[in-house]
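Architecture and fold: a report
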Amino acid sequence: MSKIGIFFGTDTGTTRLVAKKIYSLLGDELADKPKNINRTTPTEFLQYDALILGTPSYGLGELPGLATGCQEANWLEFAPYLDGVDLSTKRIALFGLGHQERYADRFASSLIHLYRLFYGNGAQIIGRWSTAGYQFQHSAAIIDNEFVGLVIDQRSQPFLTDERLQSWVAQVKPALLPALAQAA
Ligand SMILES: Cc1cc2nc3c(=O)[nH]c(=O)nc-3n(C[C@H](O)[C@H](O)[C@H](O)COP(=O)(O)O)c2cc1C
């Protein structure tokens, strides 16, 4: 597929909103419209070699889904479709939402499960993000002192979202483009 695929899980719509902002920043020549992962078939998903994937944090920082208290299916229900699938041709940038004031002990922790799901199947994960500018006690989504993807907090820091998105999209866009060129 010659475009970037953007997929998100959501329960109350915030991750959708952020996915749409990412889509606007990339433009429709580079990316396809963001899609809820609970309305996506594995075939549709797997046609992309360059992907941007987003998740909110729910439960005890698990992969969100019906079993973690979500009202709708989410990444947890999609994950089994990837069992045993080789994702080594995929280049993937991740983003996660959380609420650092209320969930300071597990801020944006679901993001690490999205990371493990795709990294574990061979995908190349890009787009790490500094923890500077956030205030929390613990997040599982940190490897080597950086978040494994962009972290957005629409509850405590909505005023920083657009700036963070612009900076992160500028970082991941050139890293995703070679995956499109390979697929073309
Ligand atoms: C029941 C519940 C549990 C949550 N658990 C966490 C959590 O463990 N860590 C975190 O950072 N945010 C947590 N949040 C905050 C959400 O991840 C955050 O509000 C996110 O923006 C929601 O995204 P959505 O609207 O796409 O579902 C929780 C929110 C709710 C309502």
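Now for a quick tour of the structure.

Analysis parameters
- Residues numbered from 1 in each chain as written.
- Predicted model: local features only at pLDDT ≥ 70, side-chain atom pairs only at ≥ 80, totals over all residues.
- Heavy atoms only, no water.
- Salt bridge = Lys/Arg side-chain N within 4 Å of Asp/Glu carboxyl O.
- Buried < 20%, exposed > 50% of the residue type's maximum accessible area, 1.4 Å probe, protein only.
- Pairing = 2+ DSSP bridges.
- Helix = DSSP H or I, 4+ residues; strand = E, 2+ residues; numbered from the N terminus.
- Expected span 1.5 Å × (residues − 1).
- Arc of directions from axis to C-beta.

Tallied over the full model, the rule gives 6 salt bridges. A salt bridge links E44 to K35; the nearest nitrogen and oxygen atoms lie 2.7 Å apart. For K35, a relative accessible area of 27% translates into the label partly exposed. As a salt-bridge pair, K90 and D49 come within 3.5 Å of each other at their nearest N and O atoms.

Let us look at the sheet that holds strand β6 (residues 129-130). Strands in a sheet are paired, the pairing made by backbone hydrogen bonds, and the direction either parallel or antiparallel. With antiparallel pairing, the 3 strands of this open sheet are ordered in space as β6-β8-β7. The sheet is open, and its two borders are formed by β6 and β7 (142-143), each paired with just one other strand. Both β6 and strand β8 (residues 146-147) contribute to a ladder of 2 bridges, which runs antiparallel. Along β8, the bridge assignment pairs W129 with F147.

This part takes up helix α1 (residues 14-26). If you check α1, its first and last C-alpha atoms are 19 Å apart, about what 13 residues at 1.5 Å a residue would give, namely 18 Å. What α1 keeps buried is the set T15, V18, A19, I22, Y23 and L26. Buried residues in α1, looked at end-on, bunch into an arc of 145°, giving them a common side. Once α1 ends, the next one or two residues include G27, with phi positive near 90°.

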